[in-house]
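Coordinates in review
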Amino acid sequence: MAESFTTTNRFFDNKNYPRGFSRHGDFTIKEAQLLERYGFAFNELDLGKREPATDEEHQFVAVCRGEREPASEAERVWHKYVTRIKRPKRFHTLSGGKPQMEGADDYTESDD
């Protein structure tokens, strides 16, 4: 991975992980370090902003497109990150009841 995923930029996700990847608890220390070190390159490859230069990067892009399962550590950690940020947030209540949707009382069906 020394030649692959080269970048000078660190990767941060202040929206989903405002305290950093390692402090949130979703990733191990090693996974957090991989995301911070190579995440910028992972993101650019995933979004198509950067063309893959090595075989490892070509395989990574294939995983991002869903053409193959993640096999390398880089592919697994990026897949884990992407699935974590796309999942719906869980809603917990103290009473144990089901959460109510905002504006649910305002909704009425019309008999047209």
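Going along each chain's sequence as written, the residues are numbered from 1 onward. Confidence filtering applies because this is a predicted model: local features only for residues at pLDDT of at least 70, side-chain atom pairs given and counted only at 80 or more, and all residues used for totals across whole chains, interfaces and linings. In computing side-chain values, all of the structure's heavy atoms are included and hydrogens and water are not.

As a reminder, the rule being used: UniProt positions are given in the numbering used here, feature names are shortened, and annotations may be inferred rather than shown by experiment.
As recorded in an unreviewed UniProt entry, the protein goes by Macrodomain Ori protein and comes from Kluyvera ascorbata. One UniProt comment on the protein, placed under Sequence similarities (unreviewed entry), says "Belongs to the MaoP family."

1. Describing the packing of helix H2 (residues 29-47) against helix H4 (residues 73-86)
Using the following cut-off: Here an angle of 0 to 180 degrees is reported between the N-to-C directions of two axes, which are lines fitted to C-alpha atoms, with helices fitted over the stretch in contact. The helix count covers DSSP runs of H or I at least four residues long, the strand count covers runs of E at least two residues long, and both are numbered beginning at the N terminus. For this classification, under 35 degrees means roughly parallel, over 145 means roughly antiparallel, 65 to 115 means roughly perpendicular, and everything else is oblique. In this analysis, two residues are considered to be in contact whenever any of their non-hydrogen atoms come within 4.5 Å of each other. Residues are sorted three ways: Asp, Glu, Lys and Arg are charged, Ala, Val, Leu, Ile, Met, Phe, Trp, Tyr, Cys and Pro are nonpolar, and all the rest, Gly among them, are polar.
Look at H2 against H4: their axes get within 9 Å of each other, and the N-to-C directions meet at 80°. Classified by the angle between their axes, H2 and H4 sit roughly perpendicular to one another. Note on element contacts: H4 touches H2 through Glu73, Ala74, Val77, Trp78, Lys80, Tyr81 and Val82, opposite Lys30, Glu31, Leu34, Leu35, Gly39, Phe42, Asn43 and Asp46. Of the residues in the contact of H2 with H4, the class split is 8 nonpolar, 2 polar and 5 charged.

2. Let's talk about H4
An α-helical turn contains 3.6 residues, so a residue and the one three or four places further along point in the same direction. Going by this rule: Helix span is expected to be 1.5 Å times the residue number reduced by one. Relative accessible area decides the class of each residue, using a 1.4 Å probe on protein chains only: under 20% of the type maximum gives buried, over 50% gives exposed, and in between gives partly exposed.
The terminal C-alpha atoms of H4 lie 20 Å apart, and with 14 residues this matches the ideal 20 Å at 1.5 Å per residue to within 8%. Regarding H4, the residues found buried are Ala74, Glu75, Val77, Trp78, Tyr81 and Val82. Those residues of H4 hidden inside the fold are in contact with helix H1 (21-24), H2 and helix H3 (55-64).

3. Section: the pattern of salt bridges
Here is the rule: One side-chain nitrogen of Lys or Arg within 4 Å of one carboxyl oxygen of Asp or Glu is enough to make a salt bridge.
Within this structure, the stated rule accounts for 5 salt bridges. Between Glu57 and Arg50 there is a salt bridge, with the nearest N and O atoms lying 3.2 Å from each other. In this pair, the class of Glu57 matches that of Arg50, namely buried. Its salt-bridge partner being Glu75, residue Arg68 comes within 2.9 Å of it at the nearest N-O pair. What makes Arg68 partly exposed here is its relative accessible area of 30%.

4. Things to note about the nonpolar core
Rule in force here: Put simply, buried Ala, Val, Leu, Ile, Met, Phe, Trp, Tyr and Cys residues joined by side-chain atoms within 4.5 Å make one nonpolar core.
In terms of nonpolar packing, the biggest core is built from 19 residues, with Phe5, Phe21, Phe27, Leu35, Phe42, Trp78 and Tyr81 touching the most fellow members. Those elements that provide at least two residues to this core are H2, H3 and H4. Per element, the largest residue contribution to this core is 7 residues, and it comes from H2. With residues near it in sequence (within four places) discarded, Phe42 still touches Phe5, Leu34, Phe60, Ala74, Val77 and Trp78.

5. Focus on the packing of H3 against H4
As a reminder, the rule being used: We call a crossing left-handed when the near helix sits turned anticlockwise from the far one by less than a right angle, and right-handed when that turn is clockwise.
One way to put it is that H3 packs onto H4 with a least axis distance of 10 Å and a crossing angle of 30°. In terms of orientation, H3 and H4 fall into the roughly parallel class. Crossing hand, H3 versus H4: right-handed. Here Glu56, Gln59, Phe60, Val63 and Cys64 of H3 lie close against H4, whose contacting residues are Ala74, Glu75 and Trp78. Here the contact of H3 with H4 is built from residues that sort into 5 nonpolar, 1 polar and 2 charged.

6. Overview of the confidence of the model for the protein
Quick note on the threshold: What pLDDT reports is the predictor's confidence in each residue, on a scale of 0 through 100.
A residue-level look at the protein finds 75% of positions with pLDDT of 70 or above and a mean pLDDT of 82. Of all helices and strands in the protein, the one with the weakest mean pLDDT is H1 (86), whereas H2 scores best (94).

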